[in-house]
Amino acid sequence: MKTAASILRPEPGTISPTAPASMAYNFLFLLSCIAVVSSSSHAYVYPPLVEGLSFTFYKSTCPDLESIVRSYLKQLFQSDISVASGLLRLHFHDCFVQGCDGSILLDGSFGGPSEKDAPPNLTLRPAAFKAIDELQTLITQACGPVVSCADIAALAARDSVRSTGGPKYKVPLGRRDGLSYATEEDVLSFLPSPTSNVTALIDVFTELDLSIKDLVTLSGAHTIGIAHCSSFEDRLFPTQDSTLDPIFAEKLYLTCPALNSTNTTVIDIRTPNTFDNKYFVDLLHREGLFTSDQGLYDDSRTKPFVIIFALCQRMFFENFVYSMTKMGQLSVLTGSQGDIRRNCSALNSNLSWYAVDGDGHDGKVF
């Protein structure tokens with residue numbers, strides 16, 4: 001017989017999509033959460049790693065890599081903590097379209113507009129792109145041209161989570177940078193819209209071999225960050241969405257008094273700069289900002305996960321580490337595939353550049 005605690009653990013366990021949301025059931029999970037937290041000293045569970053990736057990939061070629069990233073971001077976040085959500089979102093937008101290959105970082109060229117120019121990416125933070133470029137400069141100065149832009153983006157996303165109160169977890173490394181960027185059509189197909197319903201979200205995640213649990217878990221990244229009025233104005237105009245808490249709606253109208261307002265607001269109204277489980281608490285109170293957020297609580301396929309994560313932050317963190325690691329390996333390039341860019345925003349001008357083999361050793365030229 002499965003205990004409540006075993007049901008709540010991330011893969012290789014599951015959360016039952018048909019679990020009832022009764023008061024007794026919620027109390028049982030709350031007790032289980034308390035028990036897990038009080039006795040938990042175990043490491044996080046990770047999904048299987050893609051061949052070519054490892055947690056120690058740069059151990060010999062760039063041993064100070066993670067400390068360089070952490071030190072730079074610590075200083076950056078002291079002056080502007082909002083960049084953390086920008087770096088996290090940048091990594092998501094990279095991985096969902098064409099895989100985690102750093103293609104989101106590329107500027108457009110004679111070949112056409114880049115991924116940056118596609119509508120869903122126009123609100124990505126310029127400061128996040130600047131941070132990746134500055135990190136690459138520091139890393140190259142310390143280690144030479146051995147670390148991919150895709151890996152830098154993955155590390156920056158992890159440290160953004162950790163620096164804002166989220167879980168401390170390992171990142172598998174060894175990604176290579178892509179040699180092209182995706183089309184606008186691909187960007188629109190694979191980046192879910194904030195106006196999407198749950199069925200549309202599930203369809204996109206299924207296409208990427210991500211589960212319903214992954215969908216709800218990764219949506220929890222909205223616990224930090226801001227949103228433009230254009231991303232949720234459909235819930236205010238021409239009529240107010242009936243699933244919005246009326247008092248919450250009144251506050252949104254103050255920020256977005258009319259269609260096409262250019263103002264912004266925080267996504268998680270409780271702790272907007274802290275990576276925690278309050279995003280899910282927002283949903284329970286009908287204070288989710290996007291249609292794609294609040295729908296997770298209103299749909300029977302996703303609601304049980306929302307309730308569990310709202311009750312137990314530890315369960316959210318455990319599942320987030322698993323799902324984030326899983327997402328961070330989508331269609332990665334490894335080994336002799338792809339490239340190590342000299343400049344994260346531009347393709348290398350020729351192929352006579354350093355490669356890194358599967359053990360992280362540099363010096364191989366192709």
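Computed from a predicted structure; not experimentally measured.

Draft legend 1. The arrangement of the overall build of the chain in detail. When its secondary structure is counted, the chain shows 14 helices and 4 strands. For the chain, buried positions account for 53% of its 366 residues. Considering only intrachain contacts with a sequence separation of at least 6, the fraction spanning at least 24 residues in the chain is 74%. Per element, the accessible surface of the chain, about 16,000 Å² overall, is 56% carbon and sulfur.

Draft legend 2. Fine view of the layout of surface pockets. When its volume is computed, the largest pocket comes out at roughly 1,000 Å³. Put simply, the parts of the chain that give the lining of the largest pocket at least two residues each are α4 (83-96), α8 (198-207), α9 (212-219), β1 (226-228) and α12 (291-298). Broken down by element, the residue count for the lining of the largest pocket peaks at 7 residues, all from α4.

Draft legend 3. Up close: the state of the cysteines. Across all of its chains, the model carries 4 disulfides by this definition. Covalent S-S linkage joins Cys62 and Cys143, the inter-sulfur distance amounting to 2.0 Å. Around the S-S axis, the bridge from Cys62 to Cys143 shows a dihedral of about 65° and counts as right-handed. In this pair, Cys62 is assigned in the loop between α2 (23-39) and α3 (65-79) and Cys143 in helix α5 (residues 126-143), connecting sequence segments 81 residues apart. Across the disulfide, Cys95 is cross-linked to Cys100 (sulfur-sulfur distance 2.1 Å). For the disulfide bridge between Cys95 and Cys100, the dihedral angle about the S-S bond is near 125°, and by the sign convention the bridge is right-handed. Accessibility classification places Cys95 together with Cys100 in one group, the buried group.

Draft legend 4. Region of interest: unusual backbone geometry. Put simply, Phe237 and Pro238 share a cis peptide bond, and its omega is 0°. Summarising the element assignment, Pro238 is placed in the loop between β1 and α10 (246-255). Although it is not a glycine, Gln98 adopts a positive phi angle of roughly 70°. For Gln98, the position within the fold is in the loop between α4 and α5. Of note, the phi angle at Asp209 is positive, near 60°, even though the residue is not glycine. Its location among the elements puts Asp209 in the loop between α8 and α9. On the basis of relative accessible area, Asp209 is assigned to the exposed category, the value being 64%.

Draft legend 5. Fine view of the environment of Thr195. Mapped onto the secondary structure, Thr195 falls in the loop between α7 (184-190) and α8. Sequence separation between Thr195 and Phe290 is 95 residues; the distance between their C-alpha atoms is 6.5 Å. Excluding anything up to four places from it in sequence, Thr195 contacts Ser231, Asp234 and Thr291. Of the polar contacts made by the side chain of Thr195, one reaches the side chain of Ser193; its length is 2.7 Å.

Draft legend 6. Region of interest: the pattern of salt bridges. A full pass over the atoms with the stated rule returns 14 salt bridges. The shortest N-O distance in the salt bridge between Arg158 and Asp159 comes to 2.5 Å. On the basis of relative accessibility, which here comes to 1%, the residue Asp159 falls in the buried class. Among the charged side chains, a network of salt bridges with common partners joins Glu66, Arg158, Asp159 and Arg162.

Draft legend 7. Representation of a nonpolar patch on the surface within the structure. On the surface, a nonpolar cluster with roughly 210 Å² of combined accessible area is contributed by Ile226, Val266 and Ile269. Examined against the element boundaries, Val266 turns out to sit in strand β2 (residues 264-266). Val266 gets classed as partly exposed once you look at its relative accessible area, which sits at 30%.

Draft legend 8. Here's a closer look at the packing of aromatic side chains. Enumeration according to the criterion identifies 14 aromatic pairs in this entry. For the pair Tyr46 and Phe55, a centre-to-centre distance of 5.2 Å together with 65° between the ring planes defines the contact as edge-to-face. The exposure class of Tyr46 is buried, given its relative accessible area of 18%. Taking the centre distance of 5.0 Å and the plane angle of 70° together, the rings of Phe280 and Phe316 count as edge-to-face. One end of the pair, Phe280, is in helix α11 (residues 278-284); the other, Phe316, is in helix α14 (residues 313-327), and 36 residues separate them in sequence. Of the two residues, Phe280 and Phe316, both sit in the buried class. One residue, Lys116, lies across the ring of Phe129, its end atom 4.5 Å from the ring centre. The residue whose ring lies beneath Lys170 is Phe55, and the NZ or CZ to ring-centre distance is 4.3 Å.

Thresholds, definitions, all that
- Residues numbered from 1 in each chain as written.
- Predicted model: local features only at pLDDT ≥ 70, side-chain atom pairs only at ≥ 80, totals over all residues.
- Heavy atoms only, no water.
- Helix = DSSP H or I, 4+ residues; strand = E, 2+ residues; numbered from the N terminus.
- Buried < 20%, exposed > 50% of the residue type's maximum accessible area, 1.4 Å probe, protein only.
- Contact = heavy atoms within 4.5 Å.
- Areas by Shrake-Rupley, 256 points an atom, 1.4 Å probe, with all protein chains shown as cover.
- 1 Å grid on protein atoms, 1.4 Å probe; cavity = no way out; pocket = protein on both sides within 12 Å on 5 of 7 lines; lining within 4 Å.
- Points joined across faces, edges and corners; volume = space filled by probe spheres on them.
- Disulfide = S-S within 2.5 Å.
- Polar contact = N/O pair within 3.5 Å; in protein donor to acceptor, adjacent residues only side chain to side chain.
- Salt bridge = Lys/Arg side-chain N within 4 Å of Asp/Glu carboxyl O.
- Patch = residues over 30% accessible without salt bridge, like charges linked within 9 Å, V, L, I, M, F, W, Y side chains within 5 Å.
- Phe/Tyr/Trp six-rings, centres within 6.5 Å; stacked < 30°, edge-to-face > 60°.
- Lys NZ or Arg CZ within 6 Å of the ring centre and 35° of its normal.

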